[in-house]
Amino acid sequence: MKRKPKSTFKLIRAALLASTVAVTAFAVAPVTGSPLSLPVANAEAVKLQAPATPGFADVVEAVSPAVVSVRVEQMIHPASRDGDSRRDYRFDRRDGDDLPEFFRRNPEFFKRFFGERFGERGHGRDDDRHRYSERDRRDDDRPRDRRRGKRFGMSQGSGFFISEDGYLVTNNHVVEGGSKYIVKMDDGTEYEAKLIGADERSDLAVLKVDEERTFTYVGFAETKPRIGDWVVAVGNPFGLGGTVTAGIVSAQGREISSNRYDDFIQIDAAVNKGNSGGPAFNLKGEVIGVNTAIFSPSGGNVGIAFAIPAATTQEIVEELIENGSVVRGWLGVQIQPVTRDIAEALDLEDARGALVTEPQDDSPADKAGIRAGDVIAEVNGKKVRGPRALARMIGQLDPDSTATLTIFRDGEEEEVEVTLGTLGDTAALGGSKDKEDAARTGKLGLALGTGDDGGVVVLEVAPESSADRKGIRSGDIIASVNGEPVKSPGDVSRAVREAEENGRKSTLFQIERGGNSRFVAVPFPKA
């Protein structure tokens, strides 16, 4: 008896089932042997037991009461009679002249928090007082004391308590120029604080809240974090109040050209405007750093933030509490990196150390016999990686202390003992024959002369002086001072002296360089 042929539908169904089984069998079949045809090596691949996913709730719950929002009120003086405009006296720091040269040349890159207008006018510190709009110009709706003719600007940042009696840490750029400081606790309680001390070079400041209560505080980590360690950032981004973000330590020892003492921890926790001065914690609830700067083309978080290490912070803070300021040792040399080509030319084994281009006249280095062309390789037996490392090492030493420098000169290694000076007490520089005028000009750190075509030329700028920090360089031409044209160094000196006698906090220079002209406000050193 003949079998009836299967219907076409049944044949197709059977074929599909067969192919499904085949594919399934192929997919789940175990792979045997080595995944690649490589020779067997004795060494084993790296294997780690994956840790359980950490939670941050316990850390956050413990440290949050110690983290505060810092609100700063700045009194803005009215325009003077000599023609200062409202824009000049209210926003004199918006032009970025006080930024390091790298920042001025690359405004789209490194920014302080509150930097969305960095590329236009603001220099990116997280200060509401530096945000300028048409409404400000038309309505001037900022708070004002009409009886005294004073105006007030506001800024916000973060901070954290480091003692039960109310000492707290924040950034210098958060409190800079402030006249009143309000600390807002995690529970919403507000206290007025006083400024104990601030250090511009490290960008750290200490405030104190005097209240009859015990504050929850946090301690500094005793060991450096490792790259890859978890980090928790707590702060006041955008003025929202206590906000927590988490990430990892991305890098160590970052130098971002903000000053000669750069040594930042890089983290990828989300840090934004207003986080400035806030702490970065490890999973033990210890402070590993103080959030200070971000890398941001847009002004917002892109996963690259920089924190001042705990060890540096603790050292600076202790000195601020004890003395109200930080005193650093001073060597008095102009230096540059040792490149491979320079190392080969000088017959050095390694391209490290700091090459002296010129010792400053009458400086500790000059008195000790340091010469141009010397390579400073060690300080008190510790190797010098480069110019910034040398600046940090000397800055950590006490003034009037003796440092032993290991230098390479003419192919030979020598040791030189130097009695350090005090950074900031550099010799007054001036180009005028009038000694009084020269001294007044020297307070800003300028040596002036007459150019070949007439006019006033900058001959020298004292390292770490007000003029140096504002970016004035040798060879610059000074066209005017405080709006008045100048034709001689004496004109500049007299204009600077008059500005100081009239109570001004800074002098406005018109600088010409490379065919371009710009204005730079150079502040007088604080007494």
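What you are looking at is a predicted structure, and each value in this text was computed from that prediction instead of being measured.

**Concerning helix α7 (residues 310-323)**
Stage number 1. The end-to-end C-alpha distance of α7 is 20 Å, a good match for the 20 Å that 14 residues give at a rise of 1.5 Å each.
Stage number 2. Restricting attention to buried positions, one finds in α7 the residues Ala310, Thr313, Ile316, Val317 and Leu320. Mapping the buried residues of α7 onto a view down its axis gives an arc of 135 degrees, with all of them on the same face. Exposed and facing more than 90 degrees away from the buried side of α7 are Ala311 and Glu322.
Stage number 3. The inward-facing, buried residues of α7 abut β5 (167-170), β7 (190-199), β8 (204-208), β13 (287-295) and β14 (305-309).
Stage number 4. Of the residues trailing α7, Gly324 is marked for its positive phi of about 85 degrees.

**Details of the side chain of Ser158**
Stage number 1. Within the secondary structure layout, Ser158 lies in strand β4 (residues 150-161).
Stage number 2. One polar contact links the side chain of Ser158 to the main-chain amide nitrogen of Asn236, over a distance of 2.8 Å.
Stage number 3. Those residues in contact with Ser158 that sit more than four places away from it in its chain are Val68, Val70, Val169, Thr170, Gly235, Asn236, Gly274, Asn275, Ser276, Gly277 and Gly278.

**So, the pattern of salt bridges**
Stage number 1. Evaluation of the coordinates by the stated rule reveals 14 salt bridges.
Stage number 2. With a closest N to O distance of 3.8 Å, Arg469 and Glu200 form a salt bridge. With Arg469 in helix α12 (residues 466-469) and Glu200 in the loop between β7 and β8, the pair connects residues that are 269 residues apart, well separated along the chain.
Stage number 3. For Arg469, a relative accessible area of 28% puts it in the partly exposed group.

**Digging into the nonpolar core**
Stage number 1. By size, the foremost hydrophobic cluster in this structure holds 27 residues, and its most contacted members are Phe160, Val169, Val218 and Phe281.
Stage number 2. When contributions to this core are tallied by element, the ones reaching two or more residues are α2 (57-63), β8, β9 (230-235), β13, β14 and α7.
Stage number 3. Considering every element that reaches this core, the biggest residue donor is α7, with four residues.
Stage number 4. Listed in part, the 20 residues of the second largest apolar core include Leu446, Leu448, Val520 and Phe524.

**Some words on unusual backbone geometry**
Stage number 1. Positioned with a positive phi, Asp203 is a non-glycine residue whose angle comes to about 60 degrees.
Stage number 2. Take Asp203: it is sitting in the loop between β7 and β8.
Stage number 3. What makes Asp203 buried here is its relative accessible area of 5%.
Stage number 4. Positive phi outside glycine occurs at Phe238, with the angle close to 55 degrees.
Stage number 5. With respect to the helices and strands, the residue Phe238 is situated in the loop between β9 and β10 (243-254).

**Here we look at the confidence of the model for the chain**
Stage number 1. Across the chain, the average pLDDT comes to 76, with 69% of residues at 70 or higher.
Stage number 2. At the level of individual helices and strands, the chain shows its lowest average pLDDT in helix α3 (residues 86-90), which scores 32, and its highest in β5, which scores 97.
Stage number 3. Under a pLDDT of 50 for its full length, residues 18-36 has, in the predicted model, zero contacts with residues more than four places off or in other chains.
Stage number 4. Contacts from residues 425-440, a stretch scored under 50 in pLDDT, to residues over four places away or in other chains number 38 contacts.

Criteria and thresholds
Residues numbered from 1 in each chain as written. Predicted model: local features only at pLDDT ≥ 70, side-chain atom pairs only at ≥ 80, totals over all residues. Heavy atoms only, no water. Helix = DSSP H or I, 4+ residues; strand = E, 2+ residues; numbered from the N terminus. Expected span 1.5 Å × (residues − 1). Buried < 20%, exposed > 50% of the residue type's maximum accessible area, 1.4 Å probe, protein only. Arc of directions from axis to C-beta. Contact = heavy atoms within 4.5 Å. Polar contact = N/O pair within 3.5 Å; in protein donor to acceptor, adjacent residues only side chain to side chain. Salt bridge = Lys/Arg side-chain N within 4 Å of Asp/Glu carboxyl O. Core = buried A, V, L, I, M, F, W, Y, C linked by side-chain atoms within 4.5 Å. pLDDT = per-residue confidence, 0-100.

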